[in-house]
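These are the residues of each chain, in order.
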Amino acid sequence: MEVEPFSLPLCRPLGTARGEITEREGFLVRVAHAGETAVGEATPLPGWTESLTACREALESVDDPASALEGLDGTPAARHAVESALLTCEARAAGVSLAAYLADDRPVDAVPVNATVGDDDPRATARAARAAVEEGFPAVKVKVGARPPAADRERLEAVRAACPDVELRADANGAWDRGTARELLSVAADLGLSYVEQPLAASDLAGHADLRGRGVDVALDESLTTHSVREVLAAEAADRLVLKPMALGGPAAAREAAMRADEQRVGTVVTTTIDGAYARTVAVHLAASLPGVVPSGLATASMLAADLRTPDPVPVVDGVIRLPPSENPS
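Owing to the predicted nature of the structure, the values given are computational and were not obtained by experimental measurement. (Residues numbered from 1 in each chain as written. Predicted model: local features only at pLDDT ≥ 70, side-chain atom pairs only at ≥ 80, totals over all residues. Heavy atoms only, no water.)

A few words on the nonpolar core. Ranked by size, the top nonpolar core spans 57 residues in total, and within it Val-140, Trp-176, Leu-193, Val-232, Leu-241 and Leu-298 carry the most contacts. When sequence neighbours within four positions are dropped, the list of residues in contact with Trp-176 reads Val-144, Gly-145, Asp-152, Ala-181, Leu-184, Leu-185, Val-196, Pro-199, Leu-200 and Ala-201. Of all hydrophobic cores here, the second largest spans 19 residues; its members include Ala-68, Leu-72, Ala-77 and Met-246. (Core = buried A, V, L, I, M, F, W, Y, C linked by side-chain atoms within 4.5 Å. Buried < 20%, exposed > 50% of the residue type's maximum accessible area, 1.4 Å probe, protein only. Contact = heavy atoms within 4.5 Å.)

What follows is about the sheet that holds strand E13 (residues 320-322). Strand order in the open sheet formed by three strands is E4-E13-E12, with antiparallel pairing between adjacent strands. Taken across any chain shown, the strands that pair with only one partner, and hence form the sheet edges, are strand E4 (110-112) and strand E12 (316-317). One ladder, built from two bridges, connects E12 with E13; its direction is antiparallel. Counterpart to Val-317 in the pairing with E13 is Val-320. (Pairing = 2+ DSSP bridges. Helix = DSSP H or I, 4+ residues; strand = E, 2+ residues; numbered from the N terminus.)

Sheet architecture is open: seven strands sit in the order E5-E6-E7-E8-E9-E10-E11, paired in parallel fashion. Edge positions in the sheet fall to strand E5 (114-117) and strand E11 (267-270), since each of these pairs with one other strand and no more. Adjacent strand axes in the sheet meet at a mean angle of 25 degrees, parallel and antiparallel pairs treated alike. With four bridges joining them, E5 and strand E6 (residues 139-143) adopt parallel strand pairing. Each residue of the ladder has a partner; that of Asn-114, found in E6, is Ala-139. (Axes fitted to C-alpha atoms, helices over the stretch in contact; angles between N-to-C directions.)

With respect to the helices and strands, the residue Ala-81 is situated in helix H2 (residues 76-94). When its relative accessible area of 0% is taken as the criterion, Ala-81 is described as buried. Sequence separation of Ala-81 and Val-266 is 185 residues, and the distance between their C-alpha atoms is 27 Å. Non-local contacts of Ala-81, meaning those with residues more than four positions away in its chain, are made with Val-29, Gly-40, Glu-41 and Ala-42.

So, about helix H5 (residues 149-162). An ideal rise of 1.5 Å per residue puts 20 Å on 14 residues; H5 measures up with 20 Å between its terminal C-alpha atoms. Asp-152, Arg-155, Leu-156, Val-159 and Arg-160 are the residues of H5 that are buried. Buried residues of H5, viewed axially, fall in a sector of 130 degrees; they line one side. Across H5 from its buried face, at more than 90 degrees, point the exposed residues Ala-150 and Ala-161. Residues of H5 that are buried in the fold lie against helix H4 (122-134), E6, strand E7 (167-171) and helix H6 (178-190). (Expected span 1.5 Å × (residues − 1). Arc of directions from axis to C-beta.)

Structure, rendered in structure tokens:
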């Protein structure tokens, strides 16, 4: 198995709780399997996955990709690369798309995606949301939590006034305490938001469980870095799970999580960790393989100043990503 490092600069620095990100570094692996050859991508994001060093060491330890997955369970980004390449080879050998191979059925041929609007004053936030709607996005996610509750309320009200018919979502990235979350979820319900993502700290499953049933769904994202999907579901802490294949160990692992959630009537939304084109394409196929496809958080290519493949194999057009005819050439 060949392992090749890469580095992709971001268009602008991305601030996170763990510091500023200016580039996405990772590894491409080329795997021969089932008479085919395919490329997998490992783009670790500390806090979500293993470190870059641990990812490289895990990949370099692989002798036989076909039997390596169990040994990579502790390094999800490395596992994602190997699993993605293996599954792509198997899908090709079967003569079907990766989405069809994952679903064992006919998947949808296009995945709707949401736009993400960052923190800004109410007028600018509303203007950005309206521009996304005019570009064809069926859903808009507004980042909240960086300002006082009253300011975020004003921002959400401005967005709803500017976009009366679009699906609205809000993402607090765990910034609120329980009292603030109850207040803002009431606002979100009044404004008809579909869900609020990660209102409380990642560890607070009991708090999230208590927030459910207030007229707007509770979605968990960061909580999946501190708890397993099984633990989140057992705690009845979420109406929806935000699934990142890179952080869960690959598309099959993420699909298993989605199907487990579906059994408990918990919805799922597929997103990336600001990955390169190979992993982003895999995430699109995963989303297309799931029942009841909803707008996914896959419109992240624009955050990269350079990518692993050009042109983009899964571009967003009118708020939709269509499955490419050949998702991962040798």
